[in-house]
Amino acid sequence: MDDCIFCKIVSKEIPSDLIYENKGAMAFLDVSPLSEGHTLVIPKKHFERSHEMDIETWKDISDALDVVSKLLVGKMGVRNYNILQNNGRDAGQEVMHVHFHIIPKTKTEGLEIKWNSKKKDTKSTAKLLTE
Ligand code: 5GP
Ligand code: ZN
């Protein structure tokens with residue numbers, strides 16, 4: 001994708017603080033971190049949303065998430081963290097190339113979550129999804 005900022009990071013047209021890479025995924029520091037160590041894990045190939053990714057890409061993403069989480073825990077002493085991935089603008093996706101955030105959480109920094117849970121009929125949803 002010509003105008004995709006993360007494709008340009010993959011091709012090294014735009015520099016990044018690379019933390020880890022494997023065949024299909026790479027991990028680099030977020031340029032505007034919510035906390036120290038805030039890392040983005042992306043597929044090297046351009047996919048807009050996570051359900052578009054093939055299983056091999058998912059495996060490389062999983063490996064990268066595993067390695068980077070352990071680096072943050074082992075080398076930075078991170079104890080609490082969130083893994084977040086947004087699909088679509090209404091869900092908060094600003095860069096339209098799949099990316100997973102790994103965001104260390106401290107008392108003062110990190111992801112703030114507002115969880116607006118509702119009472120819903122889950123049985124009919126389960127029926128819809130499984131029949
Ligand atoms: P989203 O809101 O799409 O889930 O997150 C996009 C993230 O990409 C943001 O946290 C933003 O700071 C980060 N980002 C945007 N442009 C760049 C860039 O050029 N380099 C890096 N390292 N991060 C970027
Ligand atoms: Zn892209």
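Residues numbered from 1 in each chain as written. Chains lettered and ligands numbered in written order. Predicted model: local features only at pLDDT ≥ 70, side-chain atom pairs only at ≥ 80, totals over all residues. Heavy atoms only, no water.

J.: What is the right way to look at the packing of aromatic side chains in this model?
T.: In this description, an aromatic ring pair is defined by two values, namely the gap between the centres and the angle between the planes. Counted under the stated rule, the structure contains two aromatic pairs. A ring pair is formed by F6 and F28, whose centres lie 5.6 Å apart and whose planes are at 80°; its orientation type is edge-to-face. Of this pair, F6 sits in helix α1 (residues 5-10) while F28 sits in strand β2 (residues 25-29), and the two are 22 residues apart along the sequence. When its relative accessible area of 2% is taken as the criterion, F28 is described as buried. Consider the rings of W58 and F100, whose centres lie 6.0 Å apart with planes at 75°: the pair is edge-to-face. Separated by 42 residues along the polypeptide, W58 in helix α2 (residues 55-76) and F100 in strand β5 (residues 100-104) bring together distant segments of the chain. The exposure class assigned to F100 is buried, which follows from its relative accessible area of 7%. (Phe/Tyr/Trp six-rings, centres within 6.5 Å; stacked < 30°, edge-to-face > 60°. Helix = DSSP H or I, 4+ residues; strand = E, 2+ residues; numbered from the N terminus. Buried < 20%, exposed > 50% of the residue type's maximum accessible area, 1.4 Å probe, protein only.)

J.: Just to check I follow, could you spell out the nonpolar core for this structure?
T.: The nonpolar side chains of a soluble globular protein tend to be buried, and buried together. In terms of nonpolar packing, the biggest core is built from 14 residues, with V41, M53, I61, L65, F100 and I102 touching the most fellow members. Going through the elements one at a time, β2, α2 and β5 are the ones with two or more residues in this core. Element by element, the count of residues in this core is highest for α2, at five residues. By size, the runner-up hydrophobic cluster in this structure holds eight residues, among which are C4, F6, M26 and L40. (Core = buried A, V, L, I, M, F, W, Y, C linked by side-chain atoms within 4.5 Å.)

J.: So what exactly am I meant to see when it comes to the site of ligand 1 here?
T.: Taken together, 16 residues are adjacent to ligand 1, and L29, D30, E94, H99 and H101 come closest. In the environment of ligand 1, an oxygen atom lies 2.5 Å from a nitrogen or oxygen atom belonging to the side chain of D30. Within the side chain of H99, one N or O atom sits 2.8 Å away from an oxygen atom of ligand 1. Surface burial for ligand 1 is 83%, taken as the share of its 520 Å² of free accessible area covered by protein chains. For the shell around ligand 1, the secondary structure elements donating two or more residues are α1 and β2. Of the residues forming the shell around ligand 1, the biggest block, three residues, is contributed by α1. (Near = heavy atom within 4 Å. Polar contact = N/O pair within 3.5 Å; in protein donor to acceptor, adjacent residues only side chain to side chain. Areas by Shrake-Rupley, 256 points an atom, 1.4 Å probe, with all protein chains shown as cover.)

J.: I keep staring at the side chain of Q93 and nothing clicks. Help me out?
T.: For Q93, the position within the fold is in the loop between β4 (81-84) and β5. A distance of 3.0 Å separates a polar atom in the side chain of Q93 from the backbone oxygen of E48. Polar contacts involving the side chain of Q93 include one to the main-chain carbonyl oxygen of V95, which spans 3.0 Å. The residues touching Q93, leaving out its near neighbours within four places in the chain, are E48, R49, N86, N87, G88, V98 and H99. (Contact = heavy atoms within 4.5 Å.)

J.: How do you make sense of the sheet that holds strand β1 (residues 18-21) when you look at a structure like this?
T.: Hydrogen bonding along the main chain pairs the strands of a sheet, whether they run parallel or antiparallel. The five strands are arranged β1-β2-β3-β5-β4 in an open sheet whose pairing can be described as antiparallel. Strand pairing shows two members of the sheet lacking a second neighbour, β1 and β4, which therefore form its edges. With strand direction ignored, the average angle separating the axes of adjacent strands in the sheet is 15°. Pairing between β1 and β2: three bridges, direction antiparallel. Its bridge partner being in β2, E21 is matched across the sheet by M26. (Pairing = 2+ DSSP bridges. Axes fitted to C-alpha atoms, helices over the stretch in contact; angles between N-to-C directions.)

In short, the description is geometric, and any link to function would need to be established separately.
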